[in-house]
Amino acid sequence: MLHYHTIPVTPFAQNCSLLWCDQTMQAAVIDPGGDLGHILAAAHQRQLHLSAIWLTHAHIDHAGGTGELAERLKLPIIGPQEGDQFWIDGLPQQSAMFGFPPAQAFTPTRWLHDGDTVTIGKETLNVRHCPGHTPGHVVFHAPQIQRCFVGDVLFAGSIGRTDFPQGNHQQLIDSITQRLWPMGDETVFIPGHGPESTFGQERRSNPFVGGT
């Protein structure tokens, strides 16, 4: 069975998640934006074997610690989609601009595309490409536990910003309504910031996509 633990990291309180298979204790780190000591301590406390880094997108608060963590533990970097390469290339500049520790640019081990799957231990998750916040944004859907790790596509009561370079408001709305909603109203999503919610709750009450 899949389990996860969410760790707010960086001054932006970004929800980094440890996701693991309880049969193998193999774990992926989703969006290690920084505060690697906290992430590694949480993994050690749970006796997890970190085996991959999964990225939803390449903004500094989600990807800032990726290069260092991959180098330190020799981990593959899985995702996002190629559209975010310019954000990856700009990580050193992003870190300086927002006062983050120096961040390394990197080349993902594997780019992800809509309809792909990713595996951790004996568990498989589905990948959906959800552009709008960034062009290469992906989400990780675990139907076996009715969870989806959505990065900055959707929040409890809000949606991702689209005023960054290559953001697109209509694309974001389409990603939410065409890619997320079909996962089911009961699906709980883990956003990049703030509390969890369900797709059903947001379909009912979210001021940006309610009633869609």
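One can find the structure itself at the top, above this paragraph.
A brief structural summary. (Residues numbered from 1 in each chain as written. Predicted model: local features only at pLDDT ≥ 70, side-chain atom pairs only at ≥ 80, totals over all residues. Heavy atoms only, no water.)

**A short note on the layout of surface pockets**
Piece 1. Reported here for the largest pocket is a volume of approximately 350 Å³.
Piece 2. Taken together, 17 residues line the largest pocket, and the ones lying closest to its centre are F12, H59, D61, F98 and F164.
Piece 3. With three residues, helix α5 (residues 91–97) is the single largest residue contributor to the lining of the largest pocket.
Piece 4. Among the residues making up the lining of the largest pocket, the classes are represented as eight nonpolar, six polar and three charged.
Piece 5. When its volume is computed, the second largest pocket comes out at roughly 210 Å³.
Piece 6. If you go around the second largest pocket, you meet 16 residues; those closest to its centre are G33, G34, D35, G64 and P101. (1 Å grid on protein atoms, 1.4 Å probe; cavity = no way out; pocket = protein on both sides within 12 Å on 5 of 7 lines; lining within 4 Å. Points joined across faces, edges and corners; volume = space filled by probe spheres on them. Helix = DSSP H or I, 4+ residues; strand = E, 2+ residues; numbered from the N terminus. Nonpolar A, V, L, I, M, F, W, Y, C, P; charged D, E, K, R; others polar.)

**Points about empty space enclosed by the protein**
Where empty space is left becomes clear once a probe the size of a water molecule has been rolled over the atoms.
Piece 1. The final tally for this structure, using the stated rule, is one cavity of 30 Å³ or more.
Piece 2. In this structure, the largest cavity spans a volume of roughly 50 Å³.
Piece 3. Forming the walls of the largest cavity are N15, S17, I30, D31, T56, F149, V150, G151, I190, P191 and G192.
Piece 4. Looking at the lining of the largest cavity, the elements with two or more residues in it are β2 (14–21), β9 (147–151) and β12 (188–191).
Piece 5. Considering every element that reaches the lining of the largest cavity, the biggest residue donor is β9, with three residues.
Piece 6. Here the residues of the lining of the largest cavity sort into five nonpolar, five polar and one charged.

**Here's the deal with the sheet that holds strand β8 (residues 138–142)**
Piece 1. A sheet is described by the order of its strands in space; here six strands give the open sequence β6-β7-β8-β9-β12-β13, paired in mixed fashion. For this open sheet the edge positions go to β6 (117–120) and β13 (197–198), each flanked by a neighbour on one side alone.
Piece 2. Note: β6 against strand β7 (residues 123–129), four bridges, orientation antiparallel. Opposite T117, over in β7, you have N126 as the bridge partner. (Pairing = 2+ DSSP bridges.)

**Some thoughts on the nonpolar core**
Taken as a class, soluble globular proteins show a tendency for nonpolar side chains to be buried jointly.
Piece 1. L18, V29, I39, L50, I53 and L91 are the most contacted members of the largest nonpolar core, which totals 29 residues.
Piece 2. Of all elements in the fold, only β1 (2–9), β2, β3 (26–30), α1 (36–45), β4 (49–54), α2 (60–63), α3 (66–73) and α4 (85–89) reach the threshold of two or more residues within this core.
Piece 3. With near-sequence residues (within four places) excluded, V29 lies in contact with C16, S17, L18, I39, L50, A52, I53, W54 and L69.
Piece 4. Membership of the second largest hydrophobic core comes to 18 residues, among which are V118, L125, V138 and F149. (Core = buried A, V, L, I, M, F, W, Y, C linked by side-chain atoms within 4.5 Å. Buried < 20%, exposed > 50% of the residue type's maximum accessible area, 1.4 Å probe, protein only. Contact = heavy atoms within 4.5 Å.)

**Here's the deal with the pairing of β12**
Each regular strand shows side chains that alternate between the opposite faces of the sheet.
Piece 1. Burial of the side chains of β12 extends over both faces: V188 and I190 are buried on one face and F189 and P191 on the other.
Piece 2. Of the pairings in the sheet, the one linking β9 to β12 comprises four bridges and is parallel in character. Bridging across to β12, F149 finds its partner in I190.
Piece 3. One ladder, built from two bridges, connects β12 with β13; its direction is antiparallel.

**Looking at the pattern of salt bridges**
Piece 1. Going through the model one piece at a time under the given rule, you end up with six salt bridges.
Piece 2. For D114, the salt bridge identified is with R179, shortest N-O distance 3.6 Å. Here the residue D114 occupies a position in the loop between α5 and β6, and R179 occupies one in helix α6 (residues 169–180), the gap between them amounting to 65 residues.
Piece 3. With a relative accessible area of 25%, R179 lands in the partly exposed category.
Piece 4. Residues R161 and D163 are paired through a salt bridge, measuring 2.9 Å at the closest nitrogen-oxygen approach.
Piece 5. Judged by relative accessible area, which is 48%, R161 ranks as partly exposed.
Piece 6. Put simply, D114, R128 and R179 are held in one network by salt bridges that share partners. (Salt bridge = Lys/Arg side-chain N within 4 Å of Asp/Glu carboxyl O.)

**Remarks on the pairing of β7**
Piece 1. Here β7 shows a clear split, with E123, L125, V127 and H129 buried on one side and none of T124, N126 and R128 buried on the other.
Piece 2. Connecting the antiparallel pair β6 and β7 is a turn made up of two residues, with G121 showing a positive phi of about 60 degrees.
Piece 3. Relative to β8, β7 runs antiparallel, the two being bridged by four bridges. What sits directly across from N126, in β8, is H141.

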